Structure formats: C-alpha cells, structure tokens
Amino acid sequence: MDEVSAPTPWSDPEIAELERQVVAAETALLDDEVDVTTLQVELDNLAIVHHRRLGPLYERLDELDALIAEAIAAHTGDPADIRRAVELRGVVTDMPDLDSLLGALDGAGGGGESGEAADEPLPVPEVHRVSPGAEARKLFRELARRAHPDLVQDPEEKQRRGTFIARVNAAYARGDVTELLALGTEWATSPEGAIGPDAESRGQWLRSRLAWLTHRRSELAGLRDQLMEGAMGQLLQLAPHDPDGLLEHLADQLLHDIAEKEKVLGTLVES
C-alpha cells in the first residue's frame, strides 16, 4: 500500500511572483548603491588630483593673461585695453586658494609672485589617490547587502543602520579594507531586527515594497546621471580607463600654452 504523502502547502502564484520580484529588486538596488558610491569616490579623487595637478597651471595662465593685457594697455593707452587689463587682473586677484577650498592645509604655500618665476618649472604637488580596490568593493557590497537602512521599515532600526552604514561609506571612501573587515565583524555580532512588517497583508506589503524599490533605483539612476554631467564626470568620460593619463595629457597642453604666452609676454616687454 502506497504511503500517503503530506499535502503540498498552497501558495498564491501572484504572491510568489511578487516575492521573486522584490528579492531581485533588492539585489539590484544594492548593486546600484555600490556603483553610485564607487563613482562618487572616483570623482572626488579625480577632483583632488585635477585641482592639485592642473590648478597651478591654470593659475599661471590667468596670471600671464593679466600680464599680457597690462603690457598691451601700457603700450597703447587705449581705454578698452586698460579696462580689459583691469578685468583680467581682477580674475587673478579674486581667485580662491585651491588648497583652502579642498581643506588640505599641507603647507603648500600660496605665493602671489608675478613674472619673477616665469622661467622656472612649476612644482607638481605630490598627490596620493585613493581608489577602492576589488577587496574593498566586495566587502562594501556585502555590508550594504546585510546592513543597508533601505532594507528595513522600522524607524529605529533604519536609524541604527544608517549610522552604521555611514561608517561603512567612510571606510570605503578611504579604501580601508581593515576597517571594512572590522565593521563586518561588528555587524555580525549585533541584532539585525525584523525585515518585513507583520501588520498588513504580505501581498500589500510586497507591492508597496516593490514600488519603493523601483522609485529608489530611479533616484539613484538620476544621481548617477547628475554626477556624470558634472565637470569631473565629463572629464572621466573622456578616458574612463585612464584618468591619470588624461590629466597628464591636459597638463602637457597647459604647459605648452604657458610657454607660448610667456613668449608673447617677453616680446611685449622687450618692445
């Protein structure tokens, strides 16, 4: 006599499909969070190197433009030339110090000399770029998957996770694998709280959850587009695989422009 098998629990196909969609959307959201955070780190680092490497060259070009305009105005005495000289000198005078803007008070010193050092090569400040490696990215993604505040609904748990993830983001921005490992151990020993609500029907919650996840992914896509439309984003798009090489190429172009303008200034001063 055949054994009577236990009845298979009934499940609503719609609910099962919603469960699948929510899991897939949560996974995709975490990937989006990692990608956008990584992009933000890359752009921040590119901005630092850009300002430190090219900033002094742009400053020198502005100074030369002002000196050339002043020399022309001195020769012609034309009111239009004088006004232009005053305007260009104002650009140089009002220019903010790049290191102050970046909060990098590392003793670089800001001198305001004009033509005395024109023949000397401009110093290139040493810059240490931070780019999260594969291990840091892996750890960051795993921590985001386990502890991201967007994965819970309870306000207190969301706040706790938000505080924790802020520390994770900071460690990731530094590319600090050791700190990310320590944060992983810390999270593994702490309570994570409930993931889903119990008060409403599972189907209703799944629909609301899926709608929120879709909206959040759309927000992240917009943020990524916004980052890429910025100055550093556009620069990165020119050489996504070799931004350092692009900066060196731009530096060479600027040095060539500086040399040409110094020749023009020398001709004006001698005449």
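Described below are features of the structure shown in this document. (Residues numbered from 1 in each chain as written. Predicted model: local features only at pLDDT ≥ 70, side-chain atom pairs only at ≥ 80, totals over all residues. Heavy atoms only, no water.)

### Notes on the overall build of the protein
Here's step 1: For the protein, the helix and strand inventory stands at 9 helices and 0 strands.
Here's step 2: When the helices and strands of the protein are read in sequence order from the N terminus, they spell out α-α-α-α-α-α-α-α-α.
Here's step 3: Across the 271 residues in the protein, those meeting the buried criterion constitute 32%.
Here's step 4: Relative to all contacts within the protein whose residues are 6 or more apart in sequence, the contacts with residues 24 or more apart total 76%.
Here's step 5: As displayed, the protein has an accessible area near 16,700 Å², and 55% of this comes from carbon and sulfur atoms. (Helix = DSSP H or I, 4+ residues; strand = E, 2+ residues; numbered from the N terminus. Buried < 20%, exposed > 50% of the residue type's maximum accessible area, 1.4 Å probe, protein only. Contact = heavy atoms within 4.5 Å. Areas by Shrake-Rupley, 256 points an atom, 1.4 Å probe, with all protein chains shown as cover.)

### As for the nonpolar core
Here's step 1: With 36 residues, the main nonpolar core has Leu54, Leu235 and Leu247 as its most contacted residues.
Here's step 2: At the level of elements, α1 (13-76), α7 (202-229), α8 (231-238) and α9 (243-270) are the ones that each hand at least two residues to this core.
Here's step 3: Among the elements that line this core, the one with the most residues is α1, at 17 residues.
Here's step 4: One finds Ala136, Ala147, Ala171 and Tyr172 within the second-largest nonpolar core, a separate group that totals 15 residues. (Core = buried A, V, L, I, M, F, W, Y, C linked by side-chain atoms within 4.5 Å.)

### Some thoughts on the packing of aromatic side chains
The geometry of an aromatic ring pair is captured by two quantities: the separation of the ring centres and the angle between the planes.
Here's step 1: One pass over the structure, following the stated rule, counts 2 aromatic pairs.
Here's step 2: Taken together, a centroid distance of 4.2 Å and an interplanar angle of 15° make the contact between Phe140 and Tyr172 stacked. Of this pair, Phe140 sits in helix α4 (residues 134-147) while Tyr172 is found in helix α5 (residues 155-174), placing the two residues 32 residues apart along the sequence. For the pair formed by Phe140 and Tyr172, the shared burial category is buried.
Here's step 3: Their ring planes at 40° and their centres at 5.0 Å tell us that Phe164 and Trp187 sit as a pair that is tilted. (Phe/Tyr/Trp six-rings, centres within 6.5 Å; stacked < 30°, edge-to-face > 60°.)

### Overview of the side chain of Glu33
Here's step 1: Mapped onto the elements of the fold, Glu33 is located in helix α1.
Here's step 2: For Glu33, a relative accessible area of 10% puts it in the buried group.
Here's step 3: In this structure, Glu33 is in contact with His148, Asp150, Arg216 and Leu220, ignoring residues within four places of it in sequence.

### Overview of the packing of α5 against helix α6 (residues 177-188)
Here's step 1: Their axes nearest at 9 Å, the elements α5 and α6 cross at an angle of 160°. Here α6 runs roughly antiparallel to α5, going by the angle between their axes. Relative to α6, the crossing made by α5 is left-handed. Of α6, the residues touching α5 (which contributes Glu157, Arg160, Arg161, Phe164, Arg167, Val168, Ala171, Tyr172 and Arg174) are Glu179, Leu180, Leu183, Glu186 and Trp187. (Axes fitted to C-alpha atoms, helices over the stretch in contact; angles between N-to-C directions. Parallel < 35°, antiparallel > 145°, perpendicular 65-115°, else oblique. Left-handed = near helix turned anticlockwise from the far one by under 90°.)

### Describing the pattern of salt bridges
Here's step 1: Applying the stated rule across the entire model yields 19 salt bridges.
Here's step 2: Notably, a salt bridge pairs Arg174 with Asp176, separated by 3.9 Å at the nearest N-O pair.
Here's step 3: On the basis of relative accessible area, Arg174 is assigned to the partly exposed category, the value being 47%.
Here's step 4: Given a relative accessible area of 25%, Asp176 falls into the partly exposed group.
Here's step 5: Between Arg216 and Glu219 there is a salt bridge; the shortest N-O distance is 3.2 Å. Linking Arg216 with Glu219, this pair stays in helix α7, spanning 3 residues, or about one helical turn.
Here's step 6: Look at Glu219 and you get partly exposed, because its relative accessible area is 41%.
Here's step 7: Salt bridges linked by common partners bring Glu33, Asp150, Arg216 and Glu219 together as one network. (Salt bridge = Lys/Arg side-chain N within 4 Å of Asp/Glu carboxyl O.)

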